[in-house]
Amino acid sequence: MAVKNVRRSNLTRSIKGVVVYAFCVTTILIGLISLAALLFDTFQDGLPWLSLRFLTNFWSRHPEEAGIVAALAGSIWIIGLTAAFSFPLGVSAALYLEEYASKNWFTSFIRLNIANLAGVPSIVYGILGLGLFVEALALGRSLMAGALTMTLLILPTIIIASQEAIRSVPRAYREGAYALGATPWQVTRGVVLPQAFPGILTGTILALSRAIGEAAPLIVISGLVYVRFVPTGPLDSFTVMPLQIFNWVTLPQPEFRGLAAAGITVLLAVLLSMNSIAIYIRNRYQKRAR
Amino acid sequence: MKSKSRAKAKKTTRKIKEKIIERLLFASATVSVITTLAILGVLLFEAIGFFRQVSIIEFFTGTKWTPLIQPQHFGVIPLIWGTILVTTIALGVAAPVGLGSAIFLSEYAPDKLRRIVKPVLELLAGVPTVVYGYFALTFITPFLKQNVFLEMIVFNALSAGLVMGIMIIPMISSLSEDAMLAVPQSFREGAYALGARKHEVALRVVIPSALSGIVASFILAISRAIGETMIVSIAGGSTARLTLNPLESIQTMTAYIAQISLGEAPFGSLEYRTIFSVGLTLFLMTLAVNLFGQWVAKRYWKRY
């Protein structure tokens, strides 16, 4: 009797084990298949629309003449300016927090603050940019206002990634430099920064690649504009690739959906190459450091 | 004598330089504090202007949101409801899928497979949200309309919620897996020594031990879903409505802000000002969720 019960419970346990395993495999397949479906759906719709003309033409109400050049140029401007603002600012903040800050309430307040800023929805940054840069600083709906908004958006990400890179530099390196009589800044500049640099750079590029796909804050900053020129200065009005894609998606004619998919293909290509550069730089510097 | 004083001067300039650099780095670190103050300042300043014209009680308790049509009603509850509905659907997808994936990666998958599958799954987090919106509108909605819900409206809460669920899968799976990997191997070995099977170890030892990390990952995912804009703008519709039916068109707080920003209300008008009062509501909601998440992570954090 007892043996029978044990056998039965062994059987149910085996069945349960199979069920749990099957569930876990199914869930991971759902994620992977969704990714494949998303990429396949986009490429299938977009590739027929992808051409040199698409990359060099401006916005047009005739789908077969419409192109993405203004949005592509706008994205490059935004990313360039954002990188120029956010990289020095983010790295400096991380250096202060890791190398200089003493343990007091203000330091821990800054840390808590950065963690919370990372969780603020991106469209709220757009509202901040609208009130602060577009209106109060009178920058208008310009590239400058957009880039400053993006800078504030990705700053927490850059700071957190840089902090991790700086923290991974062994303590002994710093102590060795101090023992030779180096000042705090000499230690930071000559020892910590070079060691942490690949990690900082990788984190920054990944943060920038998030910014390049971000549409919500720039909707608030630039509104719906039909830009038919390549911006030549930081105070020009602009559009970016995600905004142009959004614009095409919301138009009812099916041809514009094709254009949206082609735009997505270009956007994903840009993202992929940025990520490849990040990986390349990291590997190169890591070899050198050795 | 001369060289001595020169050395001294050099030392003082170096000291001054050090002090300046430290101040500069400190100033960079305070930018984050200034950002928070600026967010609060902008939102509160403009929202107070709005609440001079619309009663704050009507705003937070009203159940009709029609700022763009007469008669105007400014009750934010339908927008909050739209956000909650879409977030619930998203979590309904992402919680089981993310948790199952995390168990698979940390307990079942051989190391080689894990190293390939994990980064591929994390690609989902790097896809721009406008792409998810496109996917919801051009793939998920037509698929559901043809095969499951024939009477479904093109812009609906279900498609937006499902796709948002896909978007937040990696957030749950990666963070939960990290929490599971932090559970000491000796816990598992102890259970095996008592005769436990693999699934029993996973469900009764690993998950309870990693629970704080798992719950924190859910909360982070919820916060991300509340603040997501593009998917709901593209696929969720623009009708603020108190409905339990996910096949209907709805509007979230974020989608409303985007709609007004796209120029549907004249600059500076009362309708235009609503983006700040809705923005303030959105900001406070995500802040509350984030602080709760940090509290959970800290309160139940175990160091093994």
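Since this is a predicted model, take the numbers as computed values, not measurements. (Residues numbered from 1 in each chain as written. Chains lettered and ligands numbered in written order. Predicted model: local features only at pLDDT ≥ 70, side-chain atom pairs only at ≥ 80, totals over all residues.)

Please explain the overall build of chain B as it appears in this structure.
The helix and strand tally for chain B stands at twelve helices and zero strands. When its C-alpha atoms are laid out on the principal axes, chain B stretches across 90 × 65 × 35 Å. Pairs at least 24 residues apart make up 74% of the contacts formed inside chain B by residues separated by at least 6 positions. (Helix = DSSP H or I, 4+ residues; strand = E, 2+ residues; numbered from the N terminus. Contact = placed C-beta atoms within 7 Å.)

In this structure, what is going on with the interface of chain B and chain A? I would like to understand it.
The accessible area lost on association of the parts is a frequent measure of interface size. Taken together, the 69 residues of chain B in the interface contact 67 residues of chain A. Broken down by element, the residue count for the side of chain B that touches chain A peaks at 19 residues, all from helix 1 (residues 2–53) of chain B.

Would you take a moment to explain the confidence of the model for chain A for this structure?
In low-pLDDT regions, the fine details of the predicted coordinates are not to be read closely. Across chain A, pLDDT averages 87, with 96% of residues at or above 70. Considering each helix and strand of chain A separately, the mean pLDDT is smallest for helix 2 (residues 52–56) of chain A, with a value of 78, and largest for helix 6 (residues 143–167) of chain A, with 94. (pLDDT = per-residue confidence, 0-100.)

Any chance you could explain the domain arrangement of chain B here in plain terms?
Residues and elements named next belong to chain B. We note that the domain assignment places domain 1 (2–53) and domain 2 (77–299) within chain B. Here the C-alpha centre of domain 2 lies 37 Å away from the C-alpha centre of domain 1. Class assignment of the residues belonging to the side of domain 1 that touches domain 2 gives a composition of six nonpolar, two polar and one charged. (Domains from an automatic or database assignment. Nonpolar A, V, L, I, M, F, W, Y, C, P; charged D, E, K, R; others polar.)

Is there a simple way to think about the confidence of the model for chain B in this case?
Of all residues in chain B, 97% attain a pLDDT of 70 or more, and the chain-wide mean is 89. Reported confidence for the predicted complex is 0.90 by ipTM and 0.90 by pTM.

Mind showing me how you'd approach the packing of helix 5 (residues 122–136) of chain A against helix 6 of chain A here?
Packed helices, taken two at a time, are described by their axes: the angle between them and the distance between them. All names here are of chain A. Running from N to C, helix 5 and helix 6 point in directions that differ by 135 degrees, and their axes come no closer than 9 Å. By the angle class used here, helix 5 and helix 6 are oblique. Our pair here, helix 5 against helix 6, has a crossing hand that is right-handed. Each of S122, Y125, G126, L128, G129, F133 and V134 in helix 5 lies in contact with helix 6, whose residues at this interface are A145, L148, T149, L152 and L153. The residue inventory of the contact of helix 5 with helix 6, partitioned by class, reads eight nonpolar, four polar and no charged. (Axes fitted to C-alpha atoms, helices over the stretch in contact; angles between N-to-C directions. Parallel < 35°, antiparallel > 145°, perpendicular 65-115°, else oblique. Left-handed = near helix turned anticlockwise from the far one by under 90°.)

Sorry, what's going on with the domain arrangement of chain A here?
Residue and element names in this part refer to chain A. The domains assigned to chain A are domain 1 (2–49) and domain 2 (54–289). Counting from both sides, the interface comprises seven residues of domain 1 and, opposite them, eight residues of domain 2. Looking at the side of domain 1 that touches domain 2 residue by residue, the classes come out as four nonpolar, two polar and one charged.

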